[in-house]
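# Descriptive structure summary
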Amino acid sequence: GGVGGALLGRRGRWAGGARVPGWGASHARLAGLDPGAATRIRAADTQRIQRALEVIALSGKPLSVQQGTPPQRFGYRVLKLALIPADRATLHERIALRMDAMLGQGFLAEVENLRGRGDLHTDLPALRAVGYRQAWQHLHGEFDAAQLRDRAIFATRQLAKRQLTWLRSELDARALDPLAPGH
């Protein structure tokens, strides 16, 4: 029940509807309902289009109205810190250890329970997340458990690389190596 249950049911209908006429039509629909949001959201950004349509359907108000006026200036100086390990090999080792720990603590059973619900599908953002996507594919019989582990680790390493690239682009962030002594 509640908003979450209503959202899951509607999300399935919206995603299904978007597959038939296409996301371009969904973006055009958003432009009719909320021109401001449609201007900010690229037509290829399916996740944000879907979310904007969900917000409108659930609240009756355009996303741009809900986001309201520009935020007030924060009254304090903000220090951005970026944890960027210099030793990529150690990061990769920790990613593998974390995946092994997740698998050892029942991650696959968790995904199996989610599959058993019957109301979830691979088009949902949460099930496209690293680890969940590979576990879902494994449970669907696309590859064995060893490949699940390897593919999930590989996908996590790719995600970490993208995140580190993004963090390095933050010009006003102070980079710290979390693996360095004293950190």
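As shown above, the structure is provided for reference.
Attention in this report is confined to the structure presented alongside it. Here the structure is a predicted model, which means the values were calculated and not measured.

### Topic: the overall build of the protein chain
Tallying secondary structure elements over the protein chain gives 9 helices and 2 strands in all. Along the protein chain, helices (α) and strands (β) appear in the sequence α-α-α-α-α-β-α-α-α-α-β when read from the amino end. Look at the contacts in the protein chain between residues 6 or more apart in sequence, and 60% of them connect residues 24 or more apart. Here the protein chain displays about 12,000 Å² of accessible surface, and carbon together with sulfur accounts for 55% of that area.

### A short note on helix H9 (residues 145-169)
With 25 residues, H9 extends 36 Å between its outermost C-alpha atoms, agreeing within 8% with the 36 Å of an ideal straight helix rising 1.5 Å per residue. Taken residue by residue, H9 has Leu-148, Ala-152, Ile-153, Ala-155, Ala-160 and Leu-164 as its buried positions. A distance of 3.2 Å separates the backbone nitrogen of Ala-146 from a side-chain oxygen at the start of H9, and that oxygen is part of Asp-144.

### Here's the deal with the environment of Ala-135
Tracing the backbone shows Ala-135 in helix H8 (residues 132-139). Overall, Ala-135 belongs to the buried group, its relative accessible area being 0%. Ala-135 sits 24 residues away from Val-111 along the chain, and the two C-alpha atoms are 6.8 Å apart. Beyond its immediate chain neighbours, meaning those up to four positions away, Ala-135 contacts Phe-107, Leu-108, Val-111 and Leu-148.

### Topic: helix H4 (residues 46-59)
Across its 14 residues, H4 extends 20 Å between first and last C-alpha, which sits within 8% of the 20 Å expected from 1.5 Å per residue. Note on H4: the residue one or two positions beyond its end, Gly-60, has a positive phi of about 80°.

Rules used throughout
Residues numbered from 1 in each chain as written. Predicted model: local features only at pLDDT ≥ 70, side-chain atom pairs only at ≥ 80, totals over all residues. Heavy atoms only, no water. Helix = DSSP H or I, 4+ residues; strand = E, 2+ residues; numbered from the N terminus. Contact = heavy atoms within 4.5 Å. Areas by Shrake-Rupley, 256 points an atom, 1.4 Å probe, with all protein chains shown as cover. Expected span 1.5 Å × (residues − 1). Buried < 20%, exposed > 50% of the residue type's maximum accessible area, 1.4 Å probe, protein only. Polar contact = N/O pair within 3.5 Å; in protein donor to acceptor, adjacent residues only side chain to side chain.

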